[in-house]
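Each chain, written out:
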Amino acid sequence: MKKILLLIATAALLMGAIACGEDEPGTRARSVFTVNTPMINHMVNTTNGEVLGLSNTRNTLVLDTAKHTATLDLTYNDGTEKTISIQGITATPKRLGFYELTAAGNVELKSFKGYVDFDEGSMRYTYTTIDGIRIISTTSEVFFLKTNNVITYDDTTETTTMDNTMYQFNIEPTTSKATIKVAGILHAKDWKYFINMTASGVPITVTNNGFTIAGNNLTTSSIYRTPTDSITGATTQKTDKYPFKTFNATIDLINDHLDATFMMGASATVVATGRTYPDYTAY
């Protein structure tokens, strides 16, 4: 299941090129790719526990899909902007377009791990600098594809249980706000299957392991599936009649975990838990 966004143009192009590179590993020119990606940094000082917050950044990855190696320039700002260059990264393919990144010792880092996922247009790097700054660098779209959802209603409608509803949080560090996107969820009482529900401008609070995103009476723009209209042929409808009356999500970047509770309109309460990937659980 793809995230609800247009994949980064570079990543989309790379996906086709990477497939060619892996089919023809001897073709060096088609197997080495450079990706200069805008990302966000979540920063914590591990020596005193201080949460340093979120900031925009840009990291540069050079990936050799034939040799399964990579180099990476990581940029962060702890008062002054700094860049750490990592050589000799092992890029282990886990599935088409997905590479797990591991590195041996580096004089500027205590630890490093990461991945790049060209299929979903996502990258994540977790590292701790030698002076104890732990940084989790992600694309601004933090998403969860593997989720369990329990939906209860304010009447005798039977409780709904759903797997694999998708949650995406588009993070904006400069405003400390997020756009929430929920895809593939049923409101059984009202006989509506929502293809997506979107709420914007939701406040972010940064925590030691990630952040919380919470708000009340959030206006949503939603698309739900309907029986085919025999006249117009329409199979979907738009609505703003299902606000998130309450919404509270805790996102743990360290343990790759989502806990969310929210109300769809005035009559359905959703409790959701999940992780990023259904088929790769190391992050």
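Below: a short report on this structure. For clarity, every value in this text was computed on a predicted model and none was experimentally measured. (Residues numbered from 1 in each chain as written. Predicted model: local features only at pLDDT ≥ 70, side-chain atom pairs only at ≥ 80, totals over all residues. Heavy atoms only, no water.)

### As for unusual backbone geometry
Thought 1: The phi torsion at His68 lies on the positive side, around 60 degrees, for a residue other than glycine.
Thought 2: For Asn164, which is not a glycine, the phi torsion comes out positive at approximately 75 degrees.
Thought 3: Its place among the elements puts Asn164 in the loop between strand E11 (160-163) and strand E12 (166-172).
Thought 4: With relative accessibility at 35%, the residue Asn164 sits in the partly exposed group. (Helix = DSSP H or I, 4+ residues; strand = E, 2+ residues; numbered from the N terminus. Buried < 20%, exposed > 50% of the residue type's maximum accessible area, 1.4 Å probe, protein only.)

### Topic: the nonpolar core
Thought 1: Membership of the largest hydrophobic core comes to 37 residues, with the highest contact counts inside it found for Phe169, Ile171, Ile185 and Ile213.
Thought 2: In terms of residue count, strand E15 (residues 192-206) provides more of this core than any other element does, five residues in total.
Thought 3: Those residues in contact with Phe169, other than ones at most four positions away along the chain, are Ser140, Glu141, Val142, Phe144, Thr179, Ile180, Ile213, Phe247, Ala249, Ile251 and Leu258.
Thought 4: Counting 24 residues, the second largest nonpolar core, distinct from the first, contains Met43, Ile84, Leu101 and Phe112. (Core = buried A, V, L, I, M, F, W, Y, C linked by side-chain atoms within 4.5 Å. Contact = heavy atoms within 4.5 Å.)

### Quick word on the side chain of Thr139
Thought 1: Relative to the helices and strands, Thr139 is located in the loop between strand E8 (133-138) and strand E9 (141-144).
Thought 2: Classification of Thr139 by relative accessible area gives buried; the value is 3%.
Thought 3: For Thr139, the residues in contact, after removing those within four places along its chain, are Thr37, Met39, Ile40, Gly121, Ser122 and Met123.

### Observations concerning the pattern of salt bridges
Thought 1: Scanning all chains against the criterion turns up five salt bridges.
Thought 2: Across the salt bridge formed by Lys82 and Asp78, the nearest N and O atoms sit 3.1 Å from each other.
Thought 3: The partly exposed category is assigned to Lys82, whose relative accessible area is 31%.
Thought 4: Its relative accessible area of 30% is what places Asp78 among the partly exposed residues.
Thought 5: The residue Lys94 makes a salt bridge to Glu100 at a minimum N-O spacing of 3.5 Å.
Thought 6: Judged by its relative accessible area of 17%, Glu100 falls in the buried class.
Thought 7: Members of the salt-bridge network, linked through shared partners, are Asp154, Asp155 and Lys189. (Salt bridge = Lys/Arg side-chain N within 4 Å of Asp/Glu carboxyl O.)

### A look at the environment of Thr65
Thought 1: Its place among the elements puts Thr65 in the loop between strand E2 (50-64) and strand E3 (69-77).
Thought 2: Among the residues examined, Thr65 registers a relative accessible area of 1% and is labelled buried.

### Things to note about the packing of aromatic side chains
Thought 1: As enumerated under the stated definition, the model contains 13 aromatic pairs in all.
Thought 2: In this arrangement the basic side chain of Lys192 is found over the ring face of Tyr224, its NZ or CZ atom lying 5.0 Å from the centre. (Phe/Tyr/Trp six-rings, centres within 6.5 Å; stacked < 30°, edge-to-face > 60°. Lys NZ or Arg CZ within 6 Å of the ring centre and 35° of its normal.)

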